[in-house]
Amino acid sequence: MLFNTNYKEQVISDYRGNPLIEALPSIMSPNEVVERLSIYPPYNPRERELHSHYRIHILNRLFQIFQPLPMNIDLENRISRVIRQGYIYRNPFGRELSKGFREDYKRMHSTCGYINNGYNTSACGFTLIGISGLGKTTALNHILDIYPQIISHSEYQGVPLAAYQVVWMKLECPFDGSIKGLLFDFFSQIDRLLGTNYYEKMTKTRATTDVMLTAMNQVIRSCSLGLLVIDEIQHLSTAKSGGSKRMLNFFVNLVNKVGVAVVMVGTPRSAGVLQSEFRQARRGIGIGGDMICDRLEKGKVWDLLINAIWHYQWTKEKTPLTKELNDAMYDETQGIPDLVTKLYAIVQAKAISSGKEQITTKLIRKVAKENLRLVQPMIKALRSGNLREIAKYEDISIGNVDFSDILNKTKQNIDMNYMLEKVQKNKEKENQSNKIVVKEENNKSKRPKAKKEPINPHDIRYIVNEAKKDSKSPYEALKESGDIITYDKDIFSGVIA
Ligand SMILES: Nc1ncnc2c1ncn2[C@@H]1O[C@H](COP(=O)(O)OP(=O)(O)O)[C@@H](O)[C@H]1O
Ligand SMILES: [Mg+2]
């Protein structure tokens, strides 16, 4: 949350004297946008020397890369404009705001639904349409990150102003098109931001969709929501009959009556939903329109992306990006960023795990064939350029290519190999040390005999041995040495005698 709001002087006169606009970060130039949006994670060429099982982990860093593309700069520009345009008519010091609240109140207590009294804002919404994997969601997330999500006002130009401003909120249409799911998502996010308990209230009172929509409208007004982004709008088409129409009408009303900028994001399938319901309802809005997101054309923009990604290479051998490799990457991904990062990551994983440690065109083709099987029909259609064919597949979700699964399997394989290798090495070491013990033991048997004790002339063994040399009997020798005495010299001799 942003406290101690710093109100910035505005270059554009329409934006002056409006705390909701002056509290936003300054408008950026395209250069600043590129600077701000790009994400190049750290890369150290020495990481190539690490053991393969470490490098497989590092490959995940590829998915952090964000290379701003011209379409992202365009998107940032549109968002920056619609947020501010919406706030023009919602200046807390202006009269329009309280008028809106009064209308809402009347609507809540009437049975005739929305009243159109001709109050219109200059705000607008737009739709962002493009096949899956072009980076719509990622780009939006990075762009929204530029803005603080919530700003706390306390005083503006000496006048007390105790208010929270929620700059943006992003909702995702549930997979089953459930409108209640979408509304619950909204309330739980608001609760998280403002510390309220709307979610609990809504569930406890079993609020109807209508009640929730009215409450949502009130909350959006009172927290000065600037931008509402609804992602995966194509799921609305699966909503129960009439559901999508009702929801779209609600969004159009938000744009027209409340002044919130609404951005709807979806695949070409959603264009159908929007065309029939939204466009018609949106007619009086004025500016806005659709932003069609397309795959990257082969050329400068593609080169920008592939060069940014290619830099991140963790194979032992460095493979520069040749024209042949570049062509193969484009041909197999048809300029869809999501596929580019996934293909490159799997190619590297295979090169590392196989021990070949080199990226080749052959490997790229092989991986694409084996691991991007699910999207092959779409790639084929895109390659052919046949619009009818493309339309058939344009909603294929690239998320279906389970990269993490592939990587996990490779990781497990490598970990397993590593473990086996380690166990083997340990075994070898053990064997070696065992051999040393054996050697020692063998040596023991051959060990030179311990040095002879110094000769003791009184030792009977010595006396006997010496006697043998002189061919004397041991008895004689021992008798001579005095170790055997005759009985007459016996200590008992005196007694016997
Ligand atoms: N500009 C980009 N630079 C690098 N990678 C990108 C870029 N755009 C998309 N990607 C890759 O594509 C993936 C999927 O993008 P996503 O935003 O989910 O697409 P969409 O919402 O259009 O289906 C991202 O996680 C990222 O790895
Ligand atoms: Mg998306």
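This text follows the structure it describes.
Read on for a plain summary of the structure.

Parameters and conventions
Numbering of residues begins from 1 in every chain and follows the order in which that chain's sequence is written. Think of it this way: whatever chain is written first is A, whatever ligand is written first is 1, and the rest follow in order. Selection of residues for local features in this predicted model requires a pLDDT of at least 70, selection of side-chain atom pairs for listing and counting requires 80 or more, and totals for whole chains, interfaces and linings are taken over all residues. In this analysis a residue is considered near a molecule or strand if the C-beta atom, reconstructed from its backbone, is found within 6 Å of that molecule or strand. Labels follow the DSSP assignment, with helices taken as runs of H or I lasting at least four residues and strands as runs of E lasting at least two, numbered in each case from the N terminus. Note on residue categories: nonpolar means Ala, Val, Leu, Ile, Met, Phe, Trp, Tyr, Cys or Pro, charged means Asp, Glu, Lys or Arg, and polar means any other residue, Gly included. Segmentation into domains, and thus their bounds, comes from an automatic or database assignment. Residues with at least 20 neighbouring C-beta atoms inside 10 Å of their own are called buried, those with 12 or fewer are called exposed, and the rest are partly exposed, where every C-beta is derived from the backbone. Strand pairing is assigned whenever DSSP identifies at least 2 bridges connecting the two strands. Here, residue contact means that the backbone-derived C-beta atoms of the two residues sit within 7 Å. In this context, the arc is that of the directions from the helix axis out to the C-beta atoms. Nonpolar core, as used here: buried Ala, Val, Leu, Ile, Met, Phe, Trp, Tyr and Cys residues forming one set through C-beta atoms within 7 Å.

Near ligand 1 you find 17 residues, and of these Gly135, Lys136, Thr137, Thr138 and Asp338 are the closest. Listed by contribution, the elements that provide at least two residues to the shell around ligand 1 are helix H6 (136–144) and helix H14 (337–354). The residue inventory of the shell around ligand 1, partitioned by class, reads seven nonpolar, eight polar and two charged. A domain split of the shell around ligand 1 shows at least three residues from each of domain 1 (13–37 + 69–292) and domain 2 (296–447).

Residues Phe126 and Leu128 line one face of strand S1 (residues 126–129) and the alternating positions Thr127 and Ile129 line the opposite face, and both faces are buried. Bridge count between S1 and strand S6 (residues 261–266): four bridges; the pairing is parallel. Bridged to phenylalanine 126 within S6 is valine 263.

Positionally, tyrosine 199 belongs in helix H8 (residues 198–204). Considering only alpha carbons, one finds tyrosine 199 and phenylalanine 186, 13 residues apart in sequence, at a separation of 8.6 Å. Here tyrosine 199 is in contact with Phe184, Phe187, Ser188 and Asp191, once residues within four sequence places are set aside.

In the sheet, strand S2 (residues 150–156) pairs with strand S3 (residues 159–166) via six bridges, with the strands oriented antiparallel. Its bridge partner lying in S3, tyrosine 156 is registered against valine 159. Where S2 hands over to S3, the hairpin turn is made up of two residues, of which glutamine 157 adopts a positive phi near 50°.

Within H6, burial applies to Lys136, Ala139, Leu140 and Ile143. Take H6 and look down its axis: the buried residues cluster within an arc of 100°, on one side only.

Note that soluble globular proteins tend to have their nonpolar side chains buried in a common cluster. Of all hydrophobic cores here, the largest spans 91 residues; its most connected members are Leu227, Val262 and Leu343. Here this core gets 10 residues from one element, more than from any other, and that element is H14. Mapped onto the domain boundaries, this core takes at least three residues apiece from domain 1 (13–37 + 69–292) and domain 2 (296–447). Setting aside chain neighbours within four positions, we find leucine 227 in contact with Ile79, Val82, Ile83, Val167, Trp168, Ala261 and Val263.

Looking now at unusual backbone geometry. Even without being glycine, glutamine 157 reaches a positive phi, approximately 50°. Tracing the backbone shows glutamine 157 in the loop between S2 and S3. Judged by local crowding, glutamine 157 falls into the exposed class, with 10 C-beta atoms found within 10 Å. You will see that glutamate 357, though not glycine, has its phi angle at about 60°, which is positive. Relative to the helices and strands, glutamate 357 is located in the loop between H14 and helix H15 (361–371). Classification of glutamate 357 as partly exposed rests on a count of 18 C-beta atoms within 10 Å.

Looking at where isoleucine 179 falls in the secondary structure, it is placed in helix H7 (residues 179–194). By the C-beta count within 10 Å, which is 20 here, isoleucine 179 ends up buried. Along the sequence, isoleucine 179 and methionine 247 sit 68 residues apart, while their C-alpha atoms lie 7.2 Å from each other.

Before going further, it helps to spend a moment on helix H16 (residues 376–384). When we look at burial in H16, the residues that qualify are Met378, Ala381 and Leu382. One side of H16 carries all its buried residues, which in axial view fall inside an arc of 100°. The first or second residue beyond H16 is glycine 385, which carries a positive phi of 75°.

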